[in-house]
Amino acid sequence: MYPPRVTLFDYGAGNLHSLAKALEHAGAAVRIEADAAAAVRDTDALVLPGVGAFAAAAERLAPGREAMRDAIAAGLPTLGICLGMQLMFDGSDEGPGEGLGLIPGRVTRIQAQRVPQIGWNTVEPTGGAPDPLLAVSGLTIAYYANSFVCRPEDADASVVAWSEHEGDRFPAAVRAARAVGVQFHPEKSSAPGVAMIDAFVRSLNTPASTSSGPDR
């Protein structure tokens, strides 16, 4: 069984090194790519990292936005972390630019006095069977560092876990087919977060992922 190829899309995020190390520790062969269209070629999975500003990330995304969106919609396994999750939505109040539009909705500022939210917070799965990545890891508390959160138009269709900060309830995790977005930082969330990254990498060796991405 070959090491799954995972591409980190580099849009100027600040946590590439720690995230790459966590993916490599899970057994992935990691490549960092700053071209959005190239990031979804010759890869088994895509990771959208989570530190930075929406406008700058959307600007980097723009030239290859359609290629990336089409690849994810076609089944390329994707993990979006914090800002990476927000890029899965249409747009953000944080700044101009288009997201991938994989999940209809918008990113807005947390409705709380204490912003940003920095520290540990709950991850509460929705009713029914928990999402596989959350179930395998047992992750119920995670590390957050964010001022903005995602507001899906149809929460029932996409939200797989919730969190709350000073009375503002927002999605902790969303899923659109094989694309998962998490508002928290699993690479900073101790053993359960590492277990979630391990589960994501292990899932890439399942039959459903063997045809991921165009031009493979």
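None of these values were measured; they are calculated from a predicted model. (Residues numbered from 1 in each chain as written. Predicted model: local features only at pLDDT ≥ 70, side-chain atom pairs only at ≥ 80, totals over all residues. Heavy atoms only, no water.)

### Some points on the overall build of the protein chain
Here is step 1 of the chain: Along the protein chain, the regular secondary structure elements total 8 helices and 13 strands.
Here is step 2 of the chain: Here the protein chain has a C-alpha radius of gyration of 16 Å; the compact-globule value for 216 residues is 17 Å, and the two agree.
Here is step 3 of the chain: Oriented by its inertia axes, the alpha-carbon framework of the protein chain measures out at about 45 × 35 × 30 Å.
Here is step 4 of the chain: Evaluated residue by residue, the protein chain yields a buried proportion of 53% over its 216 residues.
Here is step 5 of the chain: Sequence-distant contacts in the protein chain: of pairs separated by 6 or more residues, those separated by 24 or more amount to 72%.
Here is step 6 of the chain: Approximately 8,900 Å² of the protein chain is accessible, and the part contributed by carbon and sulfur atoms is 53%.
Here is step 7 of the chain: In the protein chain, which carries 17 positive and 24 negative side-chain charges, the distance between the mean positions of the two groups comes to 4 Å. (Helix = DSSP H or I, 4+ residues; strand = E, 2+ residues; numbered from the N terminus. Rg over C-alpha atoms; globule rule 2.2 N^0.38 Å. Buried < 20%, exposed > 50% of the residue type's maximum accessible area, 1.4 Å probe, protein only. Contact = heavy atoms within 4.5 Å. Areas by Shrake-Rupley, 256 points an atom, 1.4 Å probe, with all protein chains shown as cover. Lys, Arg positive; Asp, Glu negative; His and termini not counted. Charge placed at Lys NZ, Arg CZ, Asp CG, Glu CD.)

### Quick word on the sheet that holds strand 10 (residues 148-152)
Here is step 1 of the chain: In space, the 3 strands of this open sheet follow the order 5-6-10, with mixed pairing throughout. A strand with exactly one partner marks an edge of an open sheet, and here the two such strands are strand 5 (91-92) and strand 10.
Here is step 2 of the chain: One ladder, built from 5 bridges, connects strand 6 (residues 105-109) with strand 10; its direction is antiparallel. Bridge assignment links Thr108 to a residue of strand 10, and that residue is Val149. (Pairing = 2+ DSSP bridges.)

### Examining the nonpolar core
Here is step 1 of the chain: Formed by 36 residues in total, the largest nonpolar core has its most connected members in Leu23, Val47, Val123 and Phe184.
Here is step 2 of the chain: In this structure, Phe9, Ala58, Met88 and Val159 belong to the second largest nonpolar core, which totals 31 residues. (Core = buried A, V, L, I, M, F, W, Y, C linked by side-chain atoms within 4.5 Å.)

### A short note on the environment of Leu87
Here is step 1 of the chain: Of note, Leu87 is situated in the loop between helix 5 (83-86) and strand 5.
Here is step 2 of the chain: Considered as a pair, Leu87 and Asn121 are 34 residues apart in the sequence and their alpha carbons are 22 Å apart.

### Concerning the confidence of the model for the protein chain
The predicted coordinates should not be examined in detail at positions where pLDDT is low.
Here is step 1 of the chain: Averaged over every residue, the pLDDT of the protein chain is 92; the share at 70 or more is 94%.
Here is step 2 of the chain: Throughout residues 209-216 the model reports pLDDT below 50, and contacts reaching past four residues in sequence, or to other chains, amount to 24 contacts. (pLDDT = per-residue confidence, 0-100.)

### Here we look at a negative patch on the surface
Here is step 1 of the chain: A cluster of acidic side chains, namely Asp90, Glu153, Asp154 and Asp156, defines a negative patch on the protein surface.
Here is step 2 of the chain: Mapping Asp154 onto the fold places it in the loop between strand 10 and helix 7 (155-158). (Patch = residues over 30% accessible without salt bridge, like charges linked within 9 Å, V, L, I, M, F, W, Y side chains within 5 Å. Salt bridge = Lys/Arg side-chain N within 4 Å of Asp/Glu carboxyl O.)

### Section: the side chain of Ser163
Here is step 1 of the chain: In this fold, Ser163 is placed in strand 11 (residues 159-165).
Here is step 2 of the chain: The class of Ser163 is buried, set by a relative accessible area of 2%.
Here is step 3 of the chain: A distance of 3.4 Å separates polar atoms of two side chains, one belonging to Ser163 and the other to Tyr144.
Here is step 4 of the chain: Excluding anything up to four places from it in sequence, Ser163 contacts Asn121, Thr122, Tyr144, Asp168, Arg169, Phe170 and Ala172. (Polar contact = N/O pair within 3.5 Å; in protein donor to acceptor, adjacent residues only side chain to side chain.)

### Side note on the pattern of salt bridges
Here is step 1 of the chain: Using the criterion set out here, one finds 7 salt bridges in the structure.
Here is step 2 of the chain: Residues Glu166 and Arg114 are paired through a salt bridge, measuring 2.8 Å at the closest nitrogen-oxygen approach. With Glu166 in the loop between strand 11 and strand 12 (168-176) and Arg114 in the loop between strand 6 and strand 7 (117-122), this pair connects stretches of sequence that are 52 residues apart.
Here is step 3 of the chain: Using a relative accessible area of 39% as the deciding quantity, one classes Glu166 as partly exposed.

### Some points on the sheet that holds strand 11
Here is step 1 of the chain: Spatial ordering of the open sheet is given by 2-1-3-4-13-12-11-8, a layout of 8 strands whose pairing is mixed. Bordering the open sheet on either side are strand 2 (29-33) and strand 8 (124-125), each of which pairs with just one other strand.
Here is step 2 of the chain: Sheet analysis places strand 1 (residues 5-9) next to strand 3 (residues 45-48), joined by 3 bridges and oriented parallel. The partner of Leu8 across the bridge, within strand 3, is Val47.
Here is step 3 of the chain: Where helix 4 (residues 65-73) meets the sheet, its contacts fall on strand 1, strand 3, strand 4 (78-81) and strand 13 (179-182), and the angle it forms with strand 3 comes to roughly 125°. (Axes fitted to C-alpha atoms, helices over the stretch in contact; angles between N-to-C directions.)

### What about the side chain of Ser158?
Here is step 1 of the chain: Inspection of the secondary structure assignment puts Ser158 in helix 7.
Here is step 2 of the chain: For Ser158, a relative accessible area of 5% gives the class buried.

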